[in-house]
4 protein chains.
Amino acid sequence: MPGNTFGRILKLTTFGESHGAALGGVLDGCPAGLALCEDDLQRALDLRKPGTGPASTSRREADRVQILSGVFEGVTTGTPIAFSIANTDQRSGDYGNLAQVFRPGHADWTYWNKYNGIRDYRGGGRSSGRETAARVAGGAVAQKLLAARGIAVYAAAVELGGIAVPEAAREMTKSLSRPYFAASDDVVPLWNGAVEAARRDGDTLGGVVQVVVKGAPAGLGEPVFDKISATLAQALMSVGAVKGVEIGEGFAAARLRGSENNDPLIPDLDHPGGAAFESNHAGGILGGMTSGQDIVLRCAVKPIASIPREQRTVDTRGRAATVLIAGRHDLSAIPRIVPVLSAMTALALADALLLQERMGFLA
Amino acid sequence: MPGNTFGRILKLTTFGESHGAALGGVLDGCPAGLALCEDDLQRALDLRKPGTGPASTSRREADRVQILSGVFEGVTTGTPIAFSIANTDQRSGDYGNLAQVFRPGHADWTYWNKYNGIRDYRGGGRSSGRETAARVAGGAVAQKLLAARGIAVYAAAVELGGIAVPEAAREMTKSLSRPYFAASDDVVPLWNGAVEAARRDGDTLGGVVQVVVKGAPAGLGEPVFDKISATLAQALMSVGAVKGVEIGEGFAAARLRGSENNDPLIPDLDHPGGAAFESNHAGGILGGMTSGQDIVLRCAVKPIASIPREQRTVDTRGRAATVLIAGRHDLSAIPRIVPVLSAMTALALADALLLQERMGFLA
Amino acid sequence: MPGNTFGRILKLTTFGESHGAALGGVLDGCPAGLALCEDDLQRALDLRKPGTGPASTSRREADRVQILSGVFEGVTTGTPIAFSIANTDQRSGDYGNLAQVFRPGHADWTYWNKYNGIRDYRGGGRSSGRETAARVAGGAVAQKLLAARGIAVYAAAVELGGIAVPEAAREMTKSLSRPYFAASDDVVPLWNGAVEAARRDGDTLGGVVQVVVKGAPAGLGEPVFDKISATLAQALMSVGAVKGVEIGEGFAAARLRGSENNDPLIPDLDHPGGAAFESNHAGGILGGMTSGQDIVLRCAVKPIASIPREQRTVDTRGRAATVLIAGRHDLSAIPRIVPVLSAMTALALADALLLQERMGFLA
Amino acid sequence: MPGNTFGRILKLTTFGESHGAALGGVLDGCPAGLALCEDDLQRALDLRKPGTGPASTSRREADRVQILSGVFEGVTTGTPIAFSIANTDQRSGDYGNLAQVFRPGHADWTYWNKYNGIRDYRGGGRSSGRETAARVAGGAVAQKLLAARGIAVYAAAVELGGIAVPEAAREMTKSLSRPYFAASDDVVPLWNGAVEAARRDGDTLGGVVQVVVKGAPAGLGEPVFDKISATLAQALMSVGAVKGVEIGEGFAAARLRGSENNDPLIPDLDHPGGAAFESNHAGGILGGMTSGQDIVLRCAVKPIASIPREQRTVDTRGRAATVLIAGRHDLSAIPRIVPVLSAMTALALADALLLQERMGFLA
């Protein structure tokens, strides 16, 4: 209810502030018998480690994860899998001057209003991007669950600073080996230029991330309020910088006609239900349930709000002020947001899969 | 869990198929003491009544709502408010021929797969647009709750068949008195032309609906998974034809720089927190909580899947088939989807408002 | 959250006041393919019909149930099963004089305090025993789900007015054919005498109901907060007149030693897990999960609060008053509470069964 | 859903096995601004520390709690309060011989069946009494929230080994300073004798714990499935050794007549609602909501299942076996269960209080 838990059967509860003792999570509902070790989580966390790309901060976050419970003799036991990541490279001093002002584009103002003036201002507290580390760790377990059923989640940056990878050129499955987790090698030099220009200008960039899920069976998602599209939209929009989510043709569908947007079915004995689709304008979701095609989503990612410029704002007493954010910040949420969006997609789907398994009671 | 309930404190559970005995809902969690009568629900339902606009079906749906519980002597009692809408103008015969084929773009295929071949095929069963009537009835109560706190939800069509109302020309508060619930009078003739052309071509149209919420206090929404943006995305994406949701600048934010997208704060004593914003690129949501500005959302609405043309598909035995959908269908989900999106927005916000902790708890 | 929904996967939401238009419920999460018709619900409702036993009111409640959705061609479709029961034999006039006073032992005072003085006082409003009709109707579906897995719920009165059926003499499976739904024929004459004496004295009686579940597999229930014992305790204690719940030896276990209370296991190849228990002091639940033995529960049922005597109380303005409850009331909640406790047990178990993870998920 | 979370607004999620790295919890939904430090949690944990009484194990559990998040500058921030307790005094070797047999009266058999043979057998894994440490830590926060509203929870042992403290002699508020957390000084010598006898016999004892809540306002709890009585029953029955819960007169109410069991109201201007009750047979709960009187509950606690005797059982291959439980075990769950029951009561009530505050929207 207070919103630090995601999922219904597979439930991830996260905790932790940027500069507290630790952040982490509890993943409840993972079936017993899944092979799991700390390395599985660590590998996923390393993907969102800063400092490895041109758009990254020089801040070092060790992010060593420890599993506290729920795993015995190398497999999950069905009990809650708790994990924590100690906060080590904290320079709270960097943030002390931000205690009394509201940074534009940040959650400072809304936290202040929501919690009656009480706020852990160090590094954004719980609104820090670091909060997503726990999502990534939990998502790593979800990805293993999905993999056990032949389902894989791929995510890639398809646009940065207004420069998009053409749809036909998007190569989703290899993105993790490219700079920016880009959907194409060709775009990398262009994005390098855009990043360089923005850095020179003391500014930041936004972009678009595409997520594709392969291997999901037909029938996941619940038909009304818990459509899988709705659950995925919630999952992805709950990530800080995301300002839009679209499925399949998405906003372009608004400009298509029915005859263009419908996906005809054709007989196909290789497909579980004996049929396949000739096209995938629907993005793999029909009536809120998976159709058995690839699920295709895109997320709009806003530019990082922490810009190295003086900005006008007010202080906590309502007086005009300026703020200059020092600290060490990324120039774009891309690429680090990419594994976060994978993780949220995996959590949403694994939850739907577990829920669906349970619904097939009389089959 | 099975997904026919929306909300946490203010919970709407809906039921009903297109051609069953009735559809309706149970709204649990409405505080005691709200003045409420059947007319409040009926007026909202009448807004989504078919047959009144150029893009509408000639099918008549009486949609008379009856309140079954939870109201006594003209006010809510705090107990569940149940309501039902009898299904009267059902011509099941229109749909009998659809029992054995999967209509492209519809939920037939996914229901079939999810429920092991069991499916109420009459008029789409629960995947019918009629399902949204219960959302609208429940949303009418939510709107009254919001109104009691000075919060109003406005929705309007801002694009149809690729013809958009320019952002500066959008007049949200008067949309309900215009054809198509359009955001401008000027666009109506253009949309009439687009509809006429589509009808001539035996085709259907998509569009975009904008939702604006005025008067929401700062601090609604929970900071992590239950960001108000995430909850709204789920709420809106759970409506059948919606394929994309964006907030504030939305996908355009991906192309802005941080210096363009941040909204500076300025002192403003007329504002509850003593500050206001110079712009609203954020769409009234920062860090997943309302900022006190207008909340601005847009939804991509796909073209109606039922087109009056022969389409290729497969039947339930996996054989190639064609389907020609007779019945009586709208040419676009606009305008009828507009009050549905208002309703879902109102339900999400009223729930967040009730959940928001009382400032005075520890004060 | 506001508490009119029970269950996690199989969720029953109920609505309705004693003297409103109707009461009913929505059962969400029932798998598709269960044969179901109105008679299934009606038969269960008829068991709690008043007017058939020595301890019953002469009030007639038709309680004709109508299924509104979720069933098509004789089977459930996986969508919500809504049902309603019109209120027909209402004599609101009987209750008008109770609008301004709080009946001792009733919920009048607590409703008044909770809902700020707003209250549907007619027949107790939502606190009426009639509220349980919706539980019984929903429970009938749960019992069919359980029966499909070979699980049966039996309930019987084992004590009335202080006269108990000795444990060895309790015959659970035939109770529904006996007066009082008693666990033995022998006790009936004694209970007739107790009822007659109470009626003569203008008083009411309490009792104890035992519930036994046969055929539940081992492993139902979740090990920590959602122990099946905890869920059953909630389910049963949520029924108005229940003031205590115990499992297996229950309160008697407090007086046993470990060596007496432990149930030794013995090899038994006829049993699914290859083992059985020599005794069942645990009541079929170990560590909060079913052991595969019979589940054995008992509920303490308080005497009906509506006694045909003048009682001292206060009115809504805080002044001393007396109240004489006319109306038509049962002399004991037994037998009518018996099918209600069966229904709640069935709902709790069917939910646990659906939740229980499929053994094959990772196998 | 998988059952490691308790509460709706104030949600405690716990994790951890007896012999894993750590156990702990995440308390979500605590309002911002509550003064809180690790000592608050530690003091509560120390109450359930073993080794301090005649019925205790000599095992030493340091149980040092660390707060990981959610507290800043001495007050709660509204974000999740995570805490962990490292497992230090683990002698896994003590338990190795239990990997292949099912201890009678323990959860071994049911875990084995539920989780397909996967089980952390060391010290009972998650079914260990150590699991309750996280409840006690979370409950300490709940007690502080309640105290801020003038509500206090008292628990005391009222019966051990069949020797009860007479109802009139129960002194609830001072129990924490007595051996056994007993409700009276007088009973202590008698209980010492019972414990001595049981120890001599190589056996264990059960008992009864009473819980009394003072200061709760009228109107807490939701009238139907989430009656406060039902929530408390779930909360208390979810503690391992509890086999029965009763409220007010409880099972004795089954033997009272209505005229004896009803509590008359009398005018009382000192009381918030202008009225008080002449008696409290109802145990402070009417119609599932608090009446403003003391809430009075009792829990039946079964004897500890680990007895220092050879017991008959089966092994994991279904063969007859014997088991002799060495290890270090308490002789009775009393007194250590007493603070656990306080904690669960406090969590249930604080949750109901926060939920109720939110319901009073239109007042």
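A brief look at the structure comes next. (Residues numbered from 1 in each chain as written. Chains lettered and ligands numbered in written order. Predicted model: local features only at pLDDT ≥ 70, side-chain atom pairs only at ≥ 80, totals over all residues. Heavy atoms only, no water.)

1. Observations regarding the overall build of chain A
Right, on to step 1. On a plain count of helices and strands, chain A comes out with seven helices and 18 strands.
Right, on to step 2. What you see for chain A is a C-alpha radius of gyration of 21 Å, in line with the 21 Å of a compact globule of 363 residues.
Right, on to step 3. With respect to the principal axes defined by its C-alpha atoms, chain A has extents near 65 × 50 × 35 Å.
Right, on to step 4. Per-residue burial over chain A gives 69% buried out of 363 residues.
Right, on to step 5. Summarising the internal contacts of chain A: among those between residues at least 6 apart in sequence, 70% fall at separations of at least 24.
Right, on to step 6. Accessible surface, chain A as shown: approximately 10,800 Å² in total, 49% of it carbon and sulfur.
Right, on to step 7. Distance between charge centres in chain A, computed from 37 positive and 37 negative side chains, equals 7 Å. (Helix = DSSP H or I, 4+ residues; strand = E, 2+ residues; numbered from the N terminus. Rg over C-alpha atoms; globule rule 2.2 N^0.38 Å. Buried < 20%, exposed > 50% of the residue type's maximum accessible area, 1.4 Å probe, protein only. Contact = heavy atoms within 4.5 Å. Areas by Shrake-Rupley, 256 points an atom, 1.4 Å probe, with all protein chains shown as cover. Lys, Arg positive; Asp, Glu negative; His and termini not counted. Charge placed at Lys NZ, Arg CZ, Asp CG, Glu CD.)

2. Thoughts on the pairing of strand β7 (residues 81–86) of chain D
When a strand is regular, its side chains alternate between the sheet's two faces.
Residues and elements named next belong to chain D.
Right, on to step 1. Buried residues dominate β7, accounting for five of its six residues.
Right, on to step 2. Direction of pairing for strand β3 (residues 22–28) relative to β7: antiparallel, over a ladder of six bridges. What sits directly across from L23, in β7, is I85.
Right, on to step 3. Pairing analysis gives three bridges linking strand β4 (residues 65–67) to β7, with the strands arranged antiparallel. Considered in β7, the bridge of V65 is made with I85. (Pairing = 2+ DSSP bridges.)

3. Side note on the relation of the copies chain B and chain A
Right, on to step 1. The transform that puts chain B on chain A rotates by 180 degrees and translates by 0.0 Å along the axis, for an RMSD of 0.0 Å. Taken together, these values place the two copies in the relation of a two-fold axis. Residue Q234(B) of chain B places its C-alpha closer to the rotation axis than any other residue of that unit, at 2.5 Å.
Right, on to step 2. By residue overlap, the copies meet face to face through one surface: 99% of the interface positions of chain B are interface positions in chain A. (Least-squares fit on C-alpha atoms with pLDDT ≥ 70 in both.)

4. Brief notes about the interface of chain D and chain A
Right, on to step 1. Each partner contributes residues to the interface: chain D has 42 residues there, and chain A has 42 residues.
Right, on to step 2. Summed over both partners, the interface of chain D with chain A buries about 3,100 Å², with 67% contributed by carbon and sulfur atoms.
Right, on to step 3. Counting across the interface, chain D meets chain A through zero salt bridges.
Right, on to step 4. At the boundary of chain D with chain A, the tally comes to eight residue pairs in polar contact (both at pLDDT 80 or more).
Right, on to step 5. Those elements that place two or more of their residues in the side of chain D that touches chain A are β2 (11–15), β3, β4 and β6 (75–76) of chain D.
Right, on to step 6. In terms of residue count, the dominant contributor to the side of chain D that touches chain A is β2(D) (four residues).
Right, on to step 7. By residue class, the composition of the side of chain D that touches chain A is 18 nonpolar, 15 polar and nine charged. (Buried area = accessible area lost by both parts, 1.4 Å probe. Salt bridge = Lys/Arg side-chain N within 4 Å of Asp/Glu carboxyl O. Polar contact = N/O pair within 3.5 Å; in protein donor to acceptor, adjacent residues only side chain to side chain. Nonpolar A, V, L, I, M, F, W, Y, C, P; charged D, E, K, R; others polar.)

5. Looking at the nonpolar core
Right, on to step 1. The biggest cluster of nonpolar side chains holds 380 residues, and the ones touching the most others in it are I337(A), I337(B), I337(C) and I337(D).
Right, on to step 2. Not counting residues within four places of it along the chain, the set of residues in contact with I337(C) comprises V209(C), V239(C), A241(C), V242(C) and V301(C). (Core = buried A, V, L, I, M, F, W, Y, C linked by side-chain atoms within 4.5 Å.)

6. Observations regarding the sheet that holds strand β16 (residues 295–301) of chain C
Right, on to step 1. Strand order in the open sheet made by the ten strands is β9(C)-β8(C)-β10(C)-β16(C)-β11(C)-β11(D)-β16(D)-β10(D)-β8(D)-β9(D), with antiparallel pairing throughout. Only two strands of the sheet have a single neighbouring strand rather than two, namely β9 (163–164) of chain C together with β9 (163–164) of chain D.

7. Some details on the relation of the copies chain D and chain A
Right, on to step 1. Rotating chain D by 180 degrees about the axis while translating it 0.0 Å along that axis superimposes it on chain A, leaving an RMSD of 0.0 Å.
Right, on to step 2. Most of the interface of chain D is mirrored in chain A, where 100% of its interface residues again form contacts.

8. Section: the sheet that holds strand β9 (residues 163–164) of chain A
Right, on to step 1. Strand order in the open sheet formed by ten strands is β9(A)-β8(A)-β10(A)-β16(A)-β11(A)-β11(B)-β16(B)-β10(B)-β8(B)-β9(B), and the pairing between neighbours is antiparallel. Either end of the sheet is taken by a strand with one partner, and the two such strands are β9 of chain A together with β9 (163–164) of chain B.
Right, on to step 2. In this structure, strand β10 (residues 207–214) of chain A lies alongside strand β16 (residues 295–301) of chain A, joined through seven bridges in antiparallel fashion. Within the sheet, the bridge partner assigned to V213(A) lies in β16(A) and is I295(A).
Right, on to step 3. In the packing of helix α4 (residues 187–200) of chain A onto the sheet, contacts are made with β8 (152–160) and β9 of chain A, and the angle to β8(A) comes to roughly 55 degrees.
Right, on to step 4. Strand contacts of helix α4 (residues 187–200) of chain B: β8 (152–160) and β9 of chain B, with the helix running at about 55 degrees to β8(B), the strand carrying the most contacts. (Axes fitted to C-alpha atoms, helices over the stretch in contact; angles between N-to-C directions.)

9. Thoughts on the packing of helix α3 (residues 132–147) of chain B against helix α7 (residues 337–355) of chain B
Residues and elements named next belong to chain B.
Right, on to step 1. Here α3 crosses α7 at 50 degrees, and the two axes come no closer than 7 Å. In terms of axis orientation, α3 runs oblique to α7. Once α3 is placed against α7, the crossing between them reads as left-handed. The residues of α7 that touch α3, namely those facing T132, R135, V136, G138, G139, A142, Q143 and L146, are P339, V340, S342, A343, M344, A346, L347, L349, A350 and L353.
Right, on to step 2. When its residues are assigned to classes, the contact of α3 with α7 shows twelve nonpolar, five polar and one charged. (Parallel < 35°, antiparallel > 145°, perpendicular 65-115°, else oblique. Left-handed = near helix turned anticlockwise from the far one by under 90°.)

10. Describing helix α7 (residues 337–355) of chain C
Right, on to step 1. A rise of 1.5 Å per residue sets the reference length of α7(C), with its 19 residues, at 27 Å; its end C-alpha atoms lie 27 Å apart and thus fit the reference within 8%.
Right, on to step 2. Within α7(C), 19 of the 19 residues are buried, which leaves the element mostly enclosed by the surrounding structure. (Expected span 1.5 Å × (residues − 1).)

11. Regarding the interface of chain B and chain A
Right, on to step 1. Listed per partner, the contact involves 109 residues of chain B and 109 residues of chain A.
Right, on to step 2. Approximately 8,400 Å² of surface area, both sides summed, lies buried where chain B meets chain A, with 60% of it carried by carbon and sulfur atoms.
Right, on to step 3. Taken together, the connections running from chain B to chain A amount to eight salt bridges.
Right, on to step 4. Taken together, the residues that form the side of chain B that touches chain A break down as 50 nonpolar, 36 polar and 23 charged.
Right, on to step 5. In this structure, strand β11 (residues 242–247) of chain A lies alongside strand β11 (residues 242–247) of chain B, joined through three bridges in antiparallel fashion. Bridged to V245(A) within β11(B) is V245(B).

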